[in-house]
Amino acid sequence: EPEPPATSGRRFGKKKVRTVGGNFVTQLKKLRTRIDSTSSHYIRCLKPNQHLGPNDFNPVIVSEQLRSLGVVEAIRLSRTGFPQRFEHGLFLNRYSIIVKEKMRAVSGDEATRCEALVGLAAKKIWLVAQGNDKQSLSEDEKLALAKDVVPKDAGLQMGKTKVFLQQDAFDSLEIFRIELMDELMVRVQNVARVFLAKMQLKRLRREEEERKRREEEERKRREEEERLRREAEERARREAEEKARKEAEEKARKEAEERAKREAKEKAEKEAAELAQKAAEEKAKLEAAARAKKEAEEKAKLEAAALAKKEAEEKAQREA
């Protein structure tokens, strides 16, 4: 630990005078605290050539520097482990396209889907390594061949938050993805070329239509004189036909109005008759109901009187 900053021999009360060394130590502590609070990234500089000239890259000199600094060995050691690491979401977004059809049937949370993707990717890598991916086998037969393959055998490892890949597995997945992306790009190019061809065809058709239109206009111009000569006769004929048509329409309209009036009148009379008939039927029903009610009341009264008379006679007999 650095020694506390020295103070001068002279004192003015309790105030301490800071020295140059003390200021340096304070600034160094602040710098160290700031560095510790950040995520530092260090850049290793390499000499591209011995004479330090621009646009002159000497691979031998650079490789010697990398080897002497231990970078090559560090990379080799990193490649023997799991140098490539992806979070679950990033791994799904990047490599689920490789087995898109199989992933559609997988449901669940992100970790479950990522674990399924790791298993399918491991089987695909194993099949390619065994030379069975290019054979004429169905998907079920390929999966049957790779049913005992575990992700670790293909260089993949599922973690709690990340997926770990060895370099060979990462390279294989990248090749699968690049090949698929190339195929998709070819499809996109096909669609674009079809679109451009259609646009060109439309342009040619428009040009053809424009040529035909100009020819038609020229033909019409040549026929203009003949048309003007027959125009007066045609106009007179059309006026006569128009007049006859209007008269016929007016006559038909009047007949239709008259027919509509008659139909409306007949309909109103029919509705009035139906209403009157319904009212008569309702009145008859009400009178029949009232008459039946009155007869029932009279019958009840007669039955009550007869019953009372019979009871009185029976009482008189018992008293006698």
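Heads up: the structure comes first, above all this text.
These notes cover the structure that comes with them. (Residues numbered from 1 in each chain as written. Predicted model: local features only at pLDDT ≥ 70, side-chain atom pairs only at ≥ 80, totals over all residues. Heavy atoms only, no water.)

A few points about the packing of helix α4 (residues 88–95) against helix α6 (residues 110–130)
Look at α4 against α6: their axes get within 9 Å of each other, and the N-to-C directions meet at 50°. The orientation of α4 with respect to α6, classified from their angle, is oblique. Relative to α6, the crossing made by α4 is left-handed. From α4, H88, G89, F91, L92 and Y95 reach across to α6, where they touch E110, A111, R113, C114, L117 and V118. Here the residues of the contact of α4 with α6 sort into seven nonpolar, two polar and two charged. (Axes fitted to C-alpha atoms, helices over the stretch in contact; angles between N-to-C directions. Helix = DSSP H or I, 4+ residues; strand = E, 2+ residues; numbered from the N terminus. Parallel < 35°, antiparallel > 145°, perpendicular 65-115°, else oblique. Left-handed = near helix turned anticlockwise from the far one by under 90°. Contact = heavy atoms within 4.5 Å. Nonpolar A, V, L, I, M, F, W, Y, C, P; charged D, E, K, R; others polar.)

Some words on helix α2 (residues 59–68)
Turning to α2, its buried residues are I61, V62 and Q65. Summarising the axial view, the buried residues of α2 lie within an arc of 95°, below the 170-degree limit, and thus occupy one face. When the buried face of α2 is taken as reference, the exposed residues oriented beyond 90 degrees from it are P59, V60 and R67. Of the residues flanking the start of α2, the one acting as N-cap is N58, its side-chain oxygen 3.2 Å from the backbone nitrogen of V60. Looking at the residues trailing α2, positive phi occurs at G70, about 85°. (Buried < 20%, exposed > 50% of the residue type's maximum accessible area, 1.4 Å probe, protein only. Arc of directions from axis to C-beta. Polar contact = N/O pair within 3.5 Å; in protein donor to acceptor, adjacent residues only side chain to side chain.)

Considering a positive patch on the surface
Taken together, the side chains of K198, K202, R205 and R206 make up a positively charged region of the molecular surface. Within the secondary structure layout, K202 lies in helix α8 (residues 167–319). (Patch = residues over 30% accessible without salt bridge, like charges linked within 9 Å, V, L, I, M, F, W, Y side chains within 5 Å. Areas by Shrake-Rupley, 256 points an atom, 1.4 Å probe, with all protein chains shown as cover. Salt bridge = Lys/Arg side-chain N within 4 Å of Asp/Glu carboxyl O. Lys, Arg positive; Asp, Glu negative; His and termini not counted. Charge placed at Lys NZ, Arg CZ, Asp CG, Glu CD.)

Side note on unusual backbone geometry
Positive phi values are uncommon outside glycine, yet L52 reaches one of about 55°. With respect to the element layout, L52 can be found in the loop between α1 (20–36) and α2. Positive phi, close to 55°, is recorded for N55, a residue that is not glycine. Of note, N55 is situated in the loop between α1 and α2.

Concerning the side chain of Q65
In this fold, Q65 is placed in helix α2. For Q65, a relative accessible area of 17% gives the class buried. Ignoring any residue separated from it by four or fewer positions in sequence, one finds Q65 in contact with L46 and K47.

A word on the sheet that holds strand β1 (residues 84–87)
The strand order β1-β3-β2 describes an open sheet built from three strands, whose pairing is antiparallel. Each of the sheet's edge strands pairs with one partner strand only, and the pair in question is β1 and β2 (156–158). The sheet shows a mean angle of 20° between the axes of neighbouring strands, direction not considered. Across three bridges, the pairing between β2 and strand β3 (residues 162–165) is antiparallel. Bridge pairing in β3 places M158 opposite V163. Here α6 sits on the sheet and contacts β2 and β3; the angle it forms with β2, its principal contact strand, is near 165°. In the packing of α8 onto the sheet, the strands contacted are β1, β2 and β3, and the crossing angle to β3 comes to about 100°. (Pairing = 2+ DSSP bridges.)

Points about the environment of V99
Relative to the elements of secondary structure, V99 occurs in the loop between α4 and α5 (100–103). Through-space distance from the C-alpha of V99 to that of L120 is 7.3 Å; in sequence the pair is 21 residues apart. Look past the residues within four positions of V99 in its chain and what remains in contact with it is L117 and L120.

Distances and angles like these do not, on their own, reveal function.
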